[in-house]
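# Residue-level structural notes
Below, each chain spelled out in residue letters.
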Amino acid sequence: MAKVIGIDLGTTNSVVAVVEGGNPTVIANQEGSRLTPSVAGFTKEGEILVGQVAKRQAITNPENTVFSIKRFMGRRYDEVLQESKLVPYKVAKAANGDVRIEARGKQYSPPEISAMILRKLKQAAEAYLGEKVTQAVITVPAYFNDSQRRCVSSTSRPRRRWPTVSTRRRTRRSLSTT
């Protein structure tokens, strides 16, 4: 039976875990850390960096390093005007009024950026488990509205990354037990 992984897709850092023998085990990423920065960077060579390596290049390439993407998930451009002033990368308005991030001349939706982070976490889980991961539970903050929850759920679905994904609301109670 395939393992189901749990992912906390955070604004600053993200974590992936699996239950083994009835106990949760936090999985280390490719750099050996249990925390993966929720950062994606785009180099001039066209490479996409995720995690710690993306965070490091933010010093020399801030306008092409995306962080705090969760703040823009499931929201309209008109709703995030204040937040967009706090980040060095360009936040643009899509034709339908949604938020887009511009990096290296290309536009990305918040779910696309989040999918890059999720892909890295999935790869770490697959390396740890030694098998393909097909199911995941992704936490969402309790204050997320329905549009934001759907957006997080859709993040994992492009190109059929996982056949089964469930989003769970994080509450104070569940946070205190982890």
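Structure's up top.
This section reports on the structure supplied with the text. (Residues numbered from 1 in each chain as written. Predicted model: local features only at pLDDT ≥ 70, side-chain atom pairs only at ≥ 80, totals over all residues. Heavy atoms only, no water.)

A few words now on the overall build of the chain. For the chain, the helix and strand inventory stands at five helices and 12 strands. Looking at the chain as a whole, 44% of its 178 residues qualify as buried. By element, 51% of the accessible surface of the chain is carried by carbon and sulfur atoms, the whole surface being about 9700 Å². (Helix = DSSP H or I, 4+ residues; strand = E, 2+ residues; numbered from the N terminus. Buried < 20%, exposed > 50% of the residue type's maximum accessible area, 1.4 Å probe, protein only. Areas by Shrake-Rupley, 256 points an atom, 1.4 Å probe, with all protein chains shown as cover.)

Let us look at the sheet that holds strand β8 (residues 90-93). What the three strands build is an open sheet, ordered β8-β9-β10; its pairing is antiparallel. Either end of the sheet is taken by a strand with one partner, and the two such strands are β8 and β10 (106-108). Along the sheet, successive strands turn relative to each other by an average axial angle of 40 degrees, direction set aside. Sheet analysis places strand β9 (residues 99-103) next to β10, joined by three bridges and oriented antiparallel. (Pairing = 2+ DSSP bridges. Axes fitted to C-alpha atoms, helices over the stretch in contact; angles between N-to-C directions.)

Let us now look at the environment of Q148. By secondary structure assignment, the location of Q148 is in helix α4 (residues 146-155). Q148 sits 74 residues away from G74 along the chain, and the two C-alpha atoms are 4.1 Å apart. With near-sequence residues (within four places) excluded, Q148 lies in contact with M73, G74, R75 and Y143. (Contact = heavy atoms within 4.5 Å.)

All of the buried residues in α4 are Q148, R149, C151, V152, S153 and T155. Structurally, the start of α4 carries an N-cap: the backbone nitrogen of S147 is 3.0 Å from a side-chain oxygen of N145. (Polar contact = N/O pair within 3.5 Å; in protein donor to acceptor, adjacent residues only side chain to side chain.)

Turning our eyes to something else, we now look at the packing of aromatic side chains. Applying the stated criterion to the full structure yields four aromatic pairs. Between the aromatic rings of F67 and Y89, the centroid separation amounts to 5.5 Å while the plane-to-plane angle is 85 degrees, which identifies the pairing as edge-to-face. Residue F67 is found in strand β7 (residues 65-67), and its partner Y89 is found in the loop between α2 (81-84) and β8; the two are separated by 22 residues along the sequence. Given a relative accessible area of 29%, F67 falls into the partly exposed group. Ring geometry for F72 versus Y89: centroids 6.5 Å apart, planes at 75 degrees, classification edge-to-face. You can see F72 sitting in the loop between β7 and α2 and its partner Y89 sitting in the loop between α2 and β8, a full 17 residues away along the chain. When its relative accessible area of 3% is taken as the criterion, Y89 is described as buried. One aromatic cluster is present, built from ring pairs that chain together F67, F72 and Y89. (Phe/Tyr/Trp six-rings, centres within 6.5 Å; stacked < 30°, edge-to-face > 60°.)

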